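# Geometric and topological summary
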Amino acid sequence: MISPEKVDFSTISRSLSSHLNHGEFQQAARLLGELHTAEAIEHLEALDATEAALAYRLLDKQAAVLLFKDLDAEVQAELIRALQSEAVVDAFSQLSAAQRAALLDELPAIVATKLLAGASKAKRQDIGALLGYPEASAGRAMSPDFIATHPQLTVAESLARISKRFAHCKDAQHILVIDDERRLLGTITLSELLVEPGTMTVAELCTPGPSVQACEPEESAARLAVGRKAGVLPVLDREDRLLGVLTLPMALGILEDAEERRTAYGAGAESLVRPYLGTPLRQLVKARIIWLLVLAIGATLTVKVLASFEQTLESMVVLSLFIPLIVGIGGNTGNQAATTVTRALAMGEVRGRDFWRVLMREVRIGAILGLGLGLVALFLAGLIFEPSIGLVIGTSLVALCSIAAAVGGVMPIIGKFFKVDPAVFSNPFISTFVDAAGLIVYLSVAVLILG
């Protein structure tokens, strides 16, 4: 006769396996959350390797820490291998960002580090989805190759401890100091260890340095590493436990890729992953056609504006002669402001809270630029045609330059707020928007002044 306990165990195991096989991760996580650590271990051992890895990833962080500590070394190694499998990585990479945030907690630092160890750069990016780190975050870009020691060890003990890691670490000059719970305490250089007395403790030598959270944007982390000239920048989880590092070459590579993307967006195209001559024509066309379609749709607004003022243009043809001048100056003014603010955002000189300061500053800059250009246009257009035409051109430039500078200045900040690369609000996009606004301003001013 089967006991109630056996029946319950069997029922839970079947339910858990069914939820995992059908991708019902929320239900599986809820079921696991009702189990004690010992019960969870029993159920994980009853599942196959892939199902066990899926189930382990759905545990909350505290339960995952306790469970991993209680597993045998062989089972720990098997679990790490299963977590690295394509089936497990694919299962969680298909979740949306919102689902991952709601469902996946951070893995314990020791598990995350072992999971990333030995994986290629491309594989680490895939595993980043499994770990729950956002796209283009420091957690996705970090390397698990680092050398660490403990504060209570002497210099001689530390050198003996870390000597085995030299051959496997690209940066053996910078050594991280962590406590028994992997919390970062500071850094120390190999040269300091070599020149100090062997009896001195590491705690007396290590100094605190910069670090970043795994969920921070990789570009911000890279700029911090380059700005501080940090040989290695530690990447920590939410509990300040060490996960990995960004080296200076890695940081420079991230910034180079980001600059390439900005350059491509500024030209109205997607950046290319492969070299130009090695990129298929289909991919080159795809990289450009999307932005051209966006700009074409935006240009219909300009056509609509011209159609609305058709009678005005017919009654005074001379106004149409100045349309290229008006839209050209407006577009360039907006592009200049956007480029300046995008760079300031990337350097950390401007933040989202500076929206109104940037807006008012760019309005003043645009007004001054417009006033200078307007006075020149007033004189030249009034001299060649008639004073009223010069007044229309001058007044339009003052208003348009103020609007264009303001729009160009705040567009990157708006993009940053919605977590879109500010470079997406590229020069062609802003030019198209400002073209329509410039025509509205120009022709409205003409109607007011010329009647």
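Below or above, wherever it landed, is the structure these notes cover. (Residues numbered from 1 in each chain as written. Predicted model: local features only at pLDDT ≥ 70, side-chain atom pairs only at ≥ 80, totals over all residues. Heavy atoms only, no water.)

## Structural notes on the pairing of strand β3 (residues 184-189)
Note that strand β2 (residues 174-178) and β3 share five bridges and pair antiparallel. Its bridge partner being in β3, valine 177 is matched across the sheet by glycine 186. Here β2 hands over to β3 after five residues, with arginine 182 in that stretch at a positive phi of 70°. (Pairing = 2+ DSSP bridges. Helix = DSSP H or I, 4+ residues; strand = E, 2+ residues; numbered from the N terminus.)

## Looking at the sheet that holds strand β5 (residues 232-236)
Judged by pairing direction, the sheet is mixed, and its three strands sit side by side in the order β4-β5-β6 without closing on themselves. The open sheet is flanked by β4 (212-213) and β6 (242-247), the only strands paired with a single partner. This element, helix α14 (residues 218-227), spans β4, β5 and β6 of the sheet and lies at about 145° to β5. (Contact = heavy atoms within 4.5 Å. Axes fitted to C-alpha atoms, helices over the stretch in contact; angles between N-to-C directions.)

## Some points on the packing of aromatic side chains
Inspection of every chain in the model, using the stated rule, returns four aromatic pairs. Pairing phenylalanine 322 with phenylalanine 385 gives two aromatic rings, centres 5.5 Å apart and planes at 70°, and the pair type is edge-to-face. Here phenylalanine 322, found in the loop between α18 (318-321) and α19 (323-346), pairs with phenylalanine 385, found in the loop between α20 (355-384) and α21 (387-417); they are 63 residues apart in sequence, far enough to count as distant. By relative accessible area, which is 13% here, phenylalanine 322 ends up buried. An angle of 85° between the planes, with centres 5.1 Å apart, marks the rings of phenylalanine 355 and tryptophan 356 as edge-to-face. Judged by relative accessible area, which is 22%, phenylalanine 355 ranks as partly exposed. The exposed category is assigned to tryptophan 356, whose relative accessible area is 59%. (Phe/Tyr/Trp six-rings, centres within 6.5 Å; stacked < 30°, edge-to-face > 60°. Buried < 20%, exposed > 50% of the residue type's maximum accessible area, 1.4 Å probe, protein only.)

## Description of the environment of threonine 333
By the secondary structure assignment, threonine 333 is in helix α19. The spatial distance from the C-alpha of threonine 333 to the C-alpha of cysteine 401 is 6.3 Å, given a sequence separation of 68 residues. Among all residues touching threonine 333, those that are not within four sequence positions of it are Cys401, Ala404 and Ala405.

## Re empty space enclosed by the protein
This structure, assessed with the given rule, holds one cavity of 30 Å³ or more. Volume-wise, the largest cavity comes out at about 40 Å³. Around the largest cavity, the lining comprises ten residues; the ones closest to its centre are Asp145, Phe146, His174, Val232 and Val245. When contributions to the lining of the largest cavity are tallied by element, the ones reaching two or more residues are β2 and β6. Each residue belonging to the lining of the largest cavity can be placed in one class, and the counts come to six nonpolar, two polar and two charged. (1 Å grid on protein atoms, 1.4 Å probe; cavity = no way out; pocket = protein on both sides within 12 Å on 5 of 7 lines; lining within 4 Å. Points joined across faces, edges and corners; volume = space filled by probe spheres on them. Nonpolar A, V, L, I, M, F, W, Y, C, P; charged D, E, K, R; others polar.)

## Here's the deal with the pattern of salt bridges
Applying the stated criterion to the full structure yields ten salt bridges. Residue glutamate 239 is joined to lysine 61 by a salt bridge in which the shortest nitrogen-to-oxygen separation is 3.6 Å. Of this pair, glutamate 239 sits in the loop between β5 and β6 while lysine 61 sits in helix α5 (residues 61-70); the two residues are 178 residues apart in sequence, bridging distant segments of the chain. With relative accessibility at 35%, the residue glutamate 239 sits in the partly exposed group. Accessibility expressed as a relative area gives 8% for lysine 61, which makes it buried. For arginine 241, the salt bridge is made with glutamate 181, and the minimal N-O distance between the two is 3.5 Å. Highlighted residues: arginine 241 in the loop between β5 and β6 and glutamate 181 in the loop between β2 and β3, separated in sequence by 60 residues. Here the salt bridges share partners, and the residues they tie into one network are Lys61, Glu106, Glu181, Arg183, Asp237, Glu239 and Arg241. (Salt bridge = Lys/Arg side-chain N within 4 Å of Asp/Glu carboxyl O.)

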